[in-house]
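Spelled out from the first residue to the last, the chains are:
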Amino acid sequence: MRTEFITTNIAIAEGAIMAGMKFYAGYPITPASDLFEYLAERLPQAGGLTVQFEDEIASINAVIGASWAGAKSMTATSGPGFSLMVEGLGFAIITETPLVVVDIMRAGPSTGVPTKATQSDVYQVRFAPHGIYSIPVLIPWSAQEGFDLAIRAFNIAEALRTPVIILSDAVLAHAWEKVRIKDLTEIKVIDREMPQLKNKNSWLNQKSDLVPPMKVFGRGYGAKVESLIHDERGWYIPNNETYRKLVWRLVRKIEDKARFLWDSVTYLTEDSDYLVYAYGSVARPAYAAVKELRKESIRIGLFRPRTLWPFDYFNLKKASMKVKKVFVVENNEGKIFREVQRHLRGKEVIPLPLIDLEVPPPEDIVDSIREWL
């Protein structure tokens, strides 16, 4: 293990390499461009390949193709570029293609303010592709978690054969912090399961739980990648039975593993009368606000999810069991507040939407909470 002083973007890149990423495709976009630039030099040193494509559409399609060739693959972008990737993301979902997409949020809509941050993409990353599915979304609050969650994202992608999103933002992306770069002996790296090759022309999927082994190209499996509704063989069969069977499996293979995917942290919640729910970079000033209010003998704690989707209602309910009020602090108009409120019926859940082109300062959060207390 070594310690380096790096940005969250670089930490995510290093975590991806540690997880075994061998292919990165992208198109320059603020505030993700420096992650791309770093990997252009660093990934070839680790035996991988970095390629710039003509746009974000080509980038995610290249990542999908590389994954089906057997390479752990990733792309990174921001809100406008993610919008262009949505059709490819849907293709990756239905074809069960393991890959990682880093979305570094910036102010919008449209081109907005490229160098400034909000938390406006929290629904986009979960619901943008059409159809019925579930998709894991991880959200760090520090450079260290950028490194750690990049490894976790690849492990989830490979274990469940699914795209995984890492959701960062413009402020966090360029925050310089100390990061412990772990050795391979200190981490667990998961690789995708491949079917046993019975014969060169074998085309039947061999089921493993809800996640079938992946028949990559070039290994003699006779792989078939079908974006239309298909059966276990990959053949297009547009009837109710096939459709229901496929989409329920796409949902269940994620939701049934929710307890494995959930990852949340609590602070000062053991004796709390009040609870703050915050995520990503905004959780940092929220934590400072909690400590400031504690100095005034206000018993308040913080709940911070590191898995944004699937929504961690189980640990949230446990943390809020004895509290009187739950404050949801986020740098948007109150998107995740609706989800918190839905799961905490009977609790007073209060939205604190602090829209700010920077990270909202702790003082604003303290003042907003005081108004309700």
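Residues numbered from 1 in each chain as written. Predicted model: local features only at pLDDT ≥ 70, side-chain atom pairs only at ≥ 80, totals over all residues. Heavy atoms only, no water.

Because an α-helix packs 3.6 residues into every turn, residues spaced three or four apart end up facing the same way. Helix length check: helix H8 (residues 240–255), at 16 residues, gives a terminal C-alpha distance of 22 Å against a target of 22 Å (1.5 Å per residue), a fit within 8%. If you check which residues of H8 are buried, you get Thr242, Leu246, Val247, Leu250, Val251, Lys253 and Ile254. Looking at the buried residues of H8, the elements they touch are helix H4 (79–94), helix H6 (143–160) and helix H9 (258–261). (Helix = DSSP H or I, 4+ residues; strand = E, 2+ residues; numbered from the N terminus. Expected span 1.5 Å × (residues − 1). Buried < 20%, exposed > 50% of the residue type's maximum accessible area, 1.4 Å probe, protein only. Contact = heavy atoms within 4.5 Å.)

So, about the side chain of Asp273. With respect to the helices, strands and loops of the structure, Asp273 is situated in the loop between strand S9 (264–267) and strand S10 (274–277). The contact partners of Asp273, leaving out residues within four places of it in the chain, are Arg299, Val323, Lys324 and Lys325.

What follows deals with the pairing of strand S3 (residues 49–52). Pairing of strand S2 (residues 23–26) with S3 involves four bridges; the strand directions are parallel. Within S3, the residue paired with Ala25 across the bridge is Val51. Handedness of the crossover joining S2 and S3 through helix H2 (residues 33–45) is recorded here as right-handed. (Pairing = 2+ DSSP bridges. Right-handed = clockwise from strand over helix to strand, strands pointing away.)

Two elements in contact, helix H1 (residues 8–18) and H6, have axes whose closest approach is 7 Å; the angle formed by their N-to-C orientations is 30 degrees. Taken together, the axes of H1 and H6 are roughly parallel relative to one another. Here H1 runs over H6; the crossing is right-handed. Residues Thr8, Ala11, Ile12, Glu14, Gly15, Ala16 and Met18 of H1 touch H6, and the partners they reach there are Ala143, Gly146, Phe147, Ala150, Ile151 and Phe154. Taken together, the residues of the contact of H1 with H6 break down into nine nonpolar, three polar and one charged. (Axes fitted to C-alpha atoms, helices over the stretch in contact; angles between N-to-C directions. Parallel < 35°, antiparallel > 145°, perpendicular 65-115°, else oblique. Left-handed = near helix turned anticlockwise from the far one by under 90°. Nonpolar A, V, L, I, M, F, W, Y, C, P; charged D, E, K, R; others polar.)

Take the sheet that holds strand S14 (residues 348–353) next. Strand order in this open sheet of five strands is S9-S11-S10-S13-S14, and the pairing throughout is mixed. The open sheet is flanked by S9 and S14, the only strands paired with a single partner. The average undirected angle you get between the axes of adjacent strands in this sheet is 20 degrees. Strand direction decides the pairing type here: S10 and strand S13 (residues 325–330), joined by four bridges, are parallel. Its bridge partner being in S13, Val276 is matched across the sheet by Phe327. Packed on one face of the sheet, helix H13 (residues 362–372) meets S10, strand S11 (300–305), S13 and S14 and runs near 145 degrees to S14.

What follows covers the packing of aromatic side chains. As enumerated under the stated definition, the model contains 16 aromatic pairs in all. An angle of 35 degrees between the planes, with centres 5.7 Å apart, marks the rings of Trp141 and Tyr267 as tilted. One end of the pair, Trp141, is in the loop between strand S6 (137–138) and H6; the other, Tyr267, is in strand S9, and 126 residues separate them in sequence. Per residue, the accessibility class of Trp141 equals that of Tyr267, and both read buried. Each ring, one from Trp309 and one from Phe311, has its centre 6.4 Å from the other, and the planes form 50 degrees; the classification is tilted. What makes Trp309 buried here is its relative accessible area of 4%. The class of Phe311 is buried, set by a relative accessible area of 5%. Grouping aromatic residues by their ring pairs yields a cluster made of Tyr123, Phe127, Tyr277, Tyr279, Phe303, Trp309 and Phe311. (Phe/Tyr/Trp six-rings, centres within 6.5 Å; stacked < 30°, edge-to-face > 60°.)

Below, the discussion takes up the sheet that holds strand S5 (residues 99–105). Across the sheet, which stays open at both edges, the seven strands sit in the order S3-S2-S4-S5-S7-S6-S12 with mixed pairing between neighbours. Looking at the sheet topology across the chains shown, the edges are occupied by S3 and strand S12 (307–309). Where strand S4 (residues 73–77) and S5 come together, four bridges link them in parallel fashion. Across the sheet, the residue bridging to Thr75 is Val101, located in S5. H2 rests against S2, S3 and S4 of the sheet, and its axis sits at about 145 degrees to S3.

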